[in-house]
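Structure at a glance
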Amino acid sequence: MTTGNDTGRRFRRFFGLPLAGIALLIFAGAAQAAAASPSQWVKSFWPTAKAAGISWSVYDQALGNFTPDPDVLKKAGSQAEFKSQIWDYLDITVTDDRITKGKALLLQYAPQLAAIERKYGVDRHYFVAIWGIESHYGEVLENPKIVKSTIRSLATLAYQGGRRSKFGRTQLVAALKILQRGDVSPAEMSGSWAETRGHTQFIPTTYNAYAVDFDGDGRRDIWRSPIDALASAAAYLDKMGWRDGETWGYEIEFTRGFNYKLLHGAGSKSLGEWQKLGVRRVGGKNFPRPGDSATLFAPAGAQGPAFVLIKNFSVIKRYNNSDFYALAVGHLSDRLRGGDAFQASWPRDERALTSAEKEQLQKLLASKGHYDGPIDGKIGSGSRGAIRDYQLKVGLVPDGVDSVKVLKHLEAGR
């Protein structure tokens, strides 16, 4: 689990730095390494751990033989750039395999899932969907190529310095508190290279705040107990404001003459108000609660599925702050419940613009008098408004989406 991170967990793991930032990170790490060996650093960090209530025996067991993990350092300094479309992300998260396995697990754990629902008021299909997306129902925990020692990974970040050292120190202390409590041993505490761990992927600080012992064995064990992990995810969603009995949103379609300017910046309106503006639920279905407040979400503009999003969508984003992620969790939960795939098709021949292409788009929009903002490759409300103005001028659907089609029109001087 992350708080305020980028797009969808597999696509979301690509952290970038300017070249100067990487140089500073390497320099800072080299300087610290020269100043203190790993064993010296472990001794220097002991007062911090002790002040947090960690015993020497726990500390020594966890860090007594610490050596930095070079793979963690490599990933922490990665400048990899990954461009994706939302349908690419959904293709690898909402799969037939995840749907089939999730349905089987819903039957296998039905009594326990019902008890979790009663306790926290969160529909089981959502926290099972989170389980599927975060760890493929625990299968990734058995993959040594993915799973690493939590303590070693965090200690590596804390020791090496650089931009993620503060995160490493904070989360390392939180992880040591987990060991101190006796929920898990150092060898059993594993997760991704630096951040998340367990079946439902909590960072240590979030674990300490929200994890629960639901199976009653005296330990909050999200590594070996799927029930503890699922209940912890449900407890977190509950604390973040989950609305029992409500969904995440609905797939919609637009009636003829819909004002596509409403796709960006229109804010929240009741579902009944959206209907009056030309929004319809797909399949001719009615909205069960027309008074619910909702926002529009059309990630592919006029060319793909569109949605109205209600409160629980934003609650899912508290688990991971990504529209891609929240849509995947919502859609997988619907599929696990027996729902259909999205009715509209994604424009799969479209690719995402690169940062350089987005800058070129902004430059061309500015040259035609549509845009007066920064040329930075970041498509915000100003860029989208400029795109809409240009689309209206040349006869394209004014959905404000930064597409290859719009860029080609601009480059052709239209």
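This report concerns the structure included in the present document. (Residues numbered from 1 in each chain as written. Predicted model: local features only at pLDDT ≥ 70, side-chain atom pairs only at ≥ 80, totals over all residues. Heavy atoms only, no water.)

With that settled, the discussion passes to the packing of aromatic side chains. If you walk through the whole model with that rule in mind, you get 29 aromatic pairs. Taken together, a centroid distance of 5.3 Å and an interplanar angle of 65 degrees make the contact between Tyr250 and Phe287 edge-to-face. On the criterion of sequence distance, the pair formed by Tyr250 in strand β3 (residues 249-254) and Phe287 in the loop between β5 (279-281) and β6 (293-297) is long-range, its members being 37 residues apart. With respect to burial, Tyr250 and Phe287 carry one shared label: buried. Plain terms: the ring middles of Phe254 and Phe258 are 4.2 Å apart, the flat faces sit at 15 degrees to each other, and that makes the pair stacked. Note on Phe258: relative accessible area 7%, which makes it buried. When the ring centre of Phe167 is taken as origin, the NZ or CZ atom of Arg164, which lies over that ring, is 4.8 Å away. Here Lys269 stacks its cationic end above the ring of Trp274, 5.8 Å away from the centre of that ring. (Phe/Tyr/Trp six-rings, centres within 6.5 Å; stacked < 30°, edge-to-face > 60°. Helix = DSSP H or I, 4+ residues; strand = E, 2+ residues; numbered from the N terminus. Buried < 20%, exposed > 50% of the residue type's maximum accessible area, 1.4 Å probe, protein only. Lys NZ or Arg CZ within 6 Å of the ring centre and 35° of its normal.)

This part takes up the pattern of salt bridges. All told, the structure shown has 16 salt bridges when counted by the stated rule. Here Lys148 and Asp69 are joined by a salt bridge, their closest N and O atoms 3.2 Å apart. Of this pair, Lys148 sits in strand β1 (residues 148-149) while Asp69 is found in the loop between α4 (56-63) and α5 (70-76), placing the two residues 79 residues apart along the sequence. Of the two residues examined, Lys148 and Asp69, each falls in the buried class. Asp221 is the partner of Arg224 in a salt bridge, and the nearest nitrogen-oxygen pair spans 2.6 Å. For Arg224, a relative accessible area of 37% gives the class partly exposed. (Salt bridge = Lys/Arg side-chain N within 4 Å of Asp/Glu carboxyl O.)

So, about the environment of Gly121. Summarising the element assignment, Gly121 is placed in the loop between α8 (110-120) and α9 (124-135). The buried category is assigned to Gly121, whose relative accessible area is 16%. A sequence separation of 122 residues divides Gly121 from Arg243, and the C-alpha atoms of the two residues are 7.7 Å apart. Those residues in contact with Gly121, other than ones at most four positions away along the chain, are Ile116, Trp242 and Asp244. (Contact = heavy atoms within 4.5 Å.)

What follows covers unusual backbone geometry. Phi is positive for His136, which is not a glycine, with a value near 50 degrees. We note that Tyr137 has phi near 60 degrees; this positive angle belongs to a residue other than glycine. As for its placement among the helices and strands, Tyr137 is situated in the loop between α9 and β1.

Moving on, we come to the sheet that holds β3. Taken together, the five strands give an open sheet; going across it, the order is β4-β6-β7-β3-β5, and neighbouring strands pair in antiparallel fashion. Where the open sheet ends on each side, the last strands, each with one partner, are β4 (269-270) and β5. As defined by bridge partners, β3 adjoins strand β7 (residues 306-309) across four bridges and the pair is classed as antiparallel. Directly across from Glu251, in β7, lies its bridge partner Phe307. (Pairing = 2+ DSSP bridges.)

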